[in-house]
Number of protein chains: 2
Amino acid sequence: MPKLKGTDKIYDVIIIGAGPAGLAAAIYAGRKKLSTLVVSIDVGGQGNLTTHIENYPGVMPQSGMQLMDVFHTQAQMFGAEFMFGKVSEIKPKGKEFEVIVAGEESYLGKTIIIAFGKVPRKLGIPGEDKFFGRGVSTCATCDGPLFKNKTVAVVGGGNAALEAVLDLSKFAKKVYLIHRRDEFRGDEVTVEKVKNAPKVELILNSILVEIKGEKFVSATVVENIKDKSRRELEIDGMFLEIGYIVDSSVVKSLVDINEFNEVVVDKKGATSCPGLFAAGDVTDTPFKQAIIAAGDGARAALSAYTYLTCGGMVGKKIAPDWHCPSKKEEK
Amino acid sequence: MPKLKGTDKIYDVIIIGAGPAGLAAAIYAGRKKLSTLVVSIDVGGQGNLTTHIENYPGVMPQSGMQLMDVFHTQAQMFGAEFMFGKVSEIKPKGKEFEVIVAGEESYLGKTIIIAFGKVPRKLGIPGEDKFFGRGVSTCATCDGPLFKNKTVAVVGGGNAALEAVLDLSKFAKKVYLIHRRDEFRGDEVTVEKVKNAPKVELILNSILVEIKGEKFVSATVVENIKDKSRRELEIDGMFLEIGYIVDSSVVKSLVDINEFNEVVVDKKGATSCPGLFAAGDVTDTPFKQAIIAAGDGARAALSAYTYLTCGGMVGKKIAPDWHCPSKKEEK
């Protein structure tokens, strides 16, 4: 096996993911003067996807991107380093953890905070992967403006799909909404808005069979699930809005996961593996909200700090009360 | 017993406390259209005490009061009602909980969120209670400006006391710092600043014996713990900076508390009593931070919402997975 690129530096903490949980963890780790590396495929994560966030306590309504930009600025202000790429493997290596990025680069951390959230669910049909980023998107908020005066399709039946349709109809000349049922799971108000939108055509009881194109998406084939008839739609863009799933495959051999593939944490953000912490949507907290992810990210960073300063080592059991025994009276 | 004042309205949730945890809970409860009453002695709680908060993710550095003002605005925006007063009792009443305020008013809630944080520790000496708010204060940030060109004393030896001294020396003409040891527990940098501040006089190895005055504080008696000599200092104000404690006495017969009097919660913010939730510094989370309190407040509100919508009733056991069984597949 060829030597991997990377650095010899051993970080106090490597945070994987840069959404609300990962960035809050980076802010707190940085302020505790821990040497901190954030590895992520993006900055902002799902925090970017909300056009108008009004329930983040302490911040008057603004876009999710604006909010995440402040998180990012703060994390940099306190000294966190950023590295972009997809983590392909995490494994113990001596007393540290090794984080391998895209199979090519290696980074060592004394502790790890898993905060890579959820990923959009996929359909698993021909053309979906081939055209991802070339007309196929999972983020109408991010990519909608690229489809001005074009024809797009949205697949899904929940609020996310309905809101994507309304959002896209501001730019596109036509928006197909493809849904496998004849009813929507979204809020009644939003459903009505979509039904009354002039540029929108509903294609119900239908599933996607294929996405076609040369270099970019040019068409999609839909099949009516009742009469099995097929129809080809000429489109320039395809937005998948069929929900999110947790992909915890890179850590599932290290930590306990639940039936939804979520990483099981205790109330201090510790996983079943000492030195490995987790926060945000990747965990088994039932409530997926930016403020909860941010609070849990801060908590995971402080837990990692406590783990490091109490002399915790990989494989060594942490005291059940989580305090350094000699410091207990200071609590 | 005379009939208590109050209202016949049964609230979906009564939140006790209006710091970061209580206000975040109010924002989330309000957005879920739960009828929400916040009962508190103030708005902002410990969130107000930080002059310069720079580690709240998503908000660039500003004062704690500015931050808490936004929390308050959002909570009102989503319909939470506010009632000022000190809760003297919480008890089950039929299927609801009764919250008694100042022994005089009664409010009913289907669920309760305990979020009243910590309270400043007291010395337990003569004059302390009598002159509280009349020269005796536990908040230099709040009350410092009232002592322009006056003489004040601070008691304590940690960072809070040292920072209060520096803060007060901007206004007062003289600041005594009274500490029972001859060393400080605060950061070295802050200790040096205090030692070099021209208006500051250190009175070490000394304890407070009494606070004197007519209507307002006029003097304090200090005793040297080594030679037992006493000295009377003429002062206009006395700031107690000897830490915070949890006073969970109003709920200790209802919920499990730990050795620090903190309310024990599970990772969804539920206490040992169904229908009773808790968040923030009053709980046994080891990390007392605004962002963590806010995240936990939001989580407690969503747990209360789930409890209500799943048909949970006081005294009825909640399903261990916390989801309405029929809705589990929607997760």
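A. Region of interest: the packing of aromatic side chains. In this structure the tally under the stated criterion is 7 aromatic pairs over all chains. Arranged with centres 6.3 Å apart and planes meeting at 65°, the rings of Tyr56(A) and Tyr56(B) form a pair that is edge-to-face. Of this pair, Tyr56(A) sits in the loop between strand 2 (36–40) and helix 2 (64–77) while Tyr56(B) sits in the loop between strand 2 (36–40) and helix 2 (64–77), each in a different chain. You'll find Tyr56(A) and Tyr56(B) in the same group, each marked buried. The interplanar angle of 75° and the centroid separation of 5.8 Å between the aromatic rings of Phe277(A) and Tyr307(A) together place this pair among those described as edge-to-face. Separated by 30 residues along the polypeptide, Phe277(A) in strand 17 (residues 276–278) and Tyr307(A) in helix 6 (residues 290–309) bring together distant segments of the chain. Residue Tyr307(A) is classed as buried on the basis of its relative accessible area, which comes to 3%. Note that Lys122(A) overlies the ring of Phe132(A), its terminal NZ or CZ placed 5.0 Å from the centroid.

B. Here's a closer look at the relation of the copies chain A and chain B. After a rotation of 179° and a shift along the axis of 0.0 Å, chain A superposes on chain B with an RMSD of 0.1 Å. Here the two chains are linked by the operation of a two-fold rotation axis. Residue by residue, 100% of the interface of chain A is reproduced at the interface of chain B, so both copies engage with the same surface.

C. Fine view of the interface of chain A and chain B. Every contact between the two is made by 46 residues of chain A and, on the other side, 46 residues of chain B. The tally of links from chain A across to chain B stands at 6 salt bridges. There are 24 residue pairs in polar contact (both at pLDDT 80 or more) connecting chain A and chain B. Elements with a contribution of two residues or more to the side of chain A that touches chain B: helix 1 (20–31), helix 2 and helix 6 of chain A. Per element, the largest residue contribution to the side of chain A that touches chain B is 10 residues, and it comes from helix 6 of chain A. Among the residues making up the side of chain A that touches chain B, the classes are represented as 24 nonpolar, 10 polar and 12 charged.

D. Quick look at the sheet that holds strand 15 (residues 237–240) of chain A. Residues and elements named next belong to chain A. Across the sheet, which stays open at both edges, the 5 strands sit in the order 8-15-9-10-11 with parallel pairing between neighbours. For this open sheet the edge positions go to strand 8 (136–137) and strand 11 (200–203), each flanked by a neighbour on one side alone. As defined by bridge partners, strand 10 (residues 174–178) adjoins strand 11 across 4 bridges and the pair is classed as parallel. Looking at strand 11, one finds that Leu177 is bridged to Leu202. The strands touched by helix 4 (residues 159–168) within the sheet are strand 9 (151–155), strand 10, strand 11 and strand 15, with strand 9 carrying the most contacts at an inclination of about 170°.

E. Local environment of the environment of Ser35(B). Residues and elements named next belong to chain B. You can see Ser35 is positioned in the loop between helix 1 (20–31) and strand 2. Taking the C-alpha atoms as reference, Ser35 lies 7.8 Å from Gly79; in sequence the two are 44 residues apart. When neighbours within four sequence positions are excluded, Ser35 is seen to be in contact with Lys9, Ile10, Tyr11, Asp12 and Val13.

F. The arrangement of the domain arrangement of chain A in detail. Residues and elements named next belong to chain A. As far as domains go, chain A holds domain 1 (5–118 + 246–330) and domain 2 (136–243). For domain 1 and domain 2, the distance between their C-alpha centroids amounts to 35 Å. Tallying the contact residues gives 4 residues for domain 1 and 4 residues for domain 2. Note on domain 1 versus domain 2: buried area summed over both sides is about 290 Å², and carbon and sulfur give 76% of it. For the interface between domain 1 and domain 2, the tally reads 0 salt bridges. Put simply, domain 1 and domain 2 have 0 residue pairs in polar contact (both at pLDDT 80 or more) between them.

G. Up close: the pattern of salt bridges. Scanning the model with the defined rule gives 30 salt bridges over all chains in all. Lys170(A) serves as the salt-bridge partner of Asp167(A), at 3.0 Å between the closest nitrogen and oxygen. Asp167(A) sits in the buried class, given a relative accessible area of 13%. Within this structure, Asp296(A), Arg299(A), Asp296(B) and Arg299(B) form a network of salt bridges that share partners.

H. Highlighting helix 1 of chain B. All names here are of chain B. The end-to-end C-alpha distance of helix 1 is 17 Å, a good match for the 16 Å that 12 residues give at a rise of 1.5 Å each. With 11 of 12 residues buried, helix 1 lies mostly within the body of the structure. All of the buried residues along helix 1 are Pro20, Ala21, Gly22, Leu23, Ala24, Ala25, Ala26, Ile27, Tyr28, Ala29 and Gly30. Once helix 1 finishes, Lys33 follows within two positions and takes phi at roughly 60°, a positive value.

I. Inspection of the pairing of strand 15 (residues 237–240) of chain B at higher detail. Residues and elements named next belong to chain B. Alternating positions in strand 15 separate into two faces, Gly237 and Phe239 on one and Met238 and Leu240 on the other, with burial throughout. As defined by bridge partners, strand 8 (residues 136–137) adjoins strand 15 across 2 bridges and the pair is classed as parallel. Its bridge partner lying in strand 15, Ser137 is registered against Phe239. Note that strand 9 (residues 151–155) and strand 15 share 4 bridges and pair parallel. When the bridges of strand 15 are listed, Val155 appears paired with Leu240.

J. Region of the structure containing the nonpolar core. Core analysis: the largest hydrophobic core is formed by 78 residues, its most contacted members being Tyr56(A), Ile113(A), Ile291(A), Tyr56(B), Ile113(B) and Ile291(B). Where this core is concerned, the elements lending two or more residues are strand 1 (5–16), helix 1, helix 2 and helix 6 of chain A together with strand 1 (5–16), helix 1, helix 2 and helix 6 (290–309) of chain B. Top contributing element to this core by residue count: helix 6 of chain A, with 12 residues. Residues contacting Ile291(A), with those up to four places away along its chain left out, are Tyr56(A), Pro57(A), Tyr28(B), Tyr56(B), Ile291(B), Ala294(B), Gly295(B) and Ala298(B).

K. Just the sheet that holds strand 13 (residues 217–224) of chain A, in detail. All names here are of chain A. As summarised here, the arrangement of the 3 strands in space is 12-13-14, forming an open sheet in which the pairing is antiparallel. Looking at which strands have only one partner, the edges of the open sheet turn out to be strand 12 (206–213) and strand 14 (230–234). Ignoring strand direction, the axes of neighbouring strands in this sheet form an average angle of 25°. Across 7 bridges, the pairing between strand 12 and strand 13 is antiparallel. Each bridged residue has a counterpart across the sheet, and for Lys212 the counterpart in strand 13 is Ala219.

Thresholds, definitions, all that
Residues numbered from 1 in each chain as written. Chains lettered and ligands numbered in written order. Predicted model: local features only at pLDDT ≥ 70, side-chain atom pairs only at ≥ 80, totals over all residues. Heavy atoms only, no water. Phe/Tyr/Trp six-rings, centres within 6.5 Å; stacked < 30°, edge-to-face > 60°. Helix = DSSP H or I, 4+ residues; strand = E, 2+ residues; numbered from the N terminus. Buried < 20%, exposed > 50% of the residue type's maximum accessible area, 1.4 Å probe, protein only. Lys NZ or Arg CZ within 6 Å of the ring centre and 35° of its normal. Least-squares fit on C-alpha atoms with pLDDT ≥ 70 in both. Contact = heavy atoms within 4.5 Å. Salt bridge = Lys/Arg side-chain N within 4 Å of Asp/Glu carboxyl O. Polar contact = N/O pair within 3.5 Å; in protein donor to acceptor, adjacent residues only side chain to side chain. Nonpolar A, V, L, I, M, F, W, Y, C, P; charged D, E, K, R; others polar. Pairing = 2+ DSSP bridges. Axes fitted to C-alpha atoms, helices over the stretch in contact; angles between N-to-C directions. Domains from an automatic or database assignment. Buried area = accessible area lost by both parts, 1.4 Å probe. Expected span 1.5 Å × (residues − 1). Core = buried A, V, L, I, M, F, W, Y, C linked by side-chain atoms within 4.5 Å.

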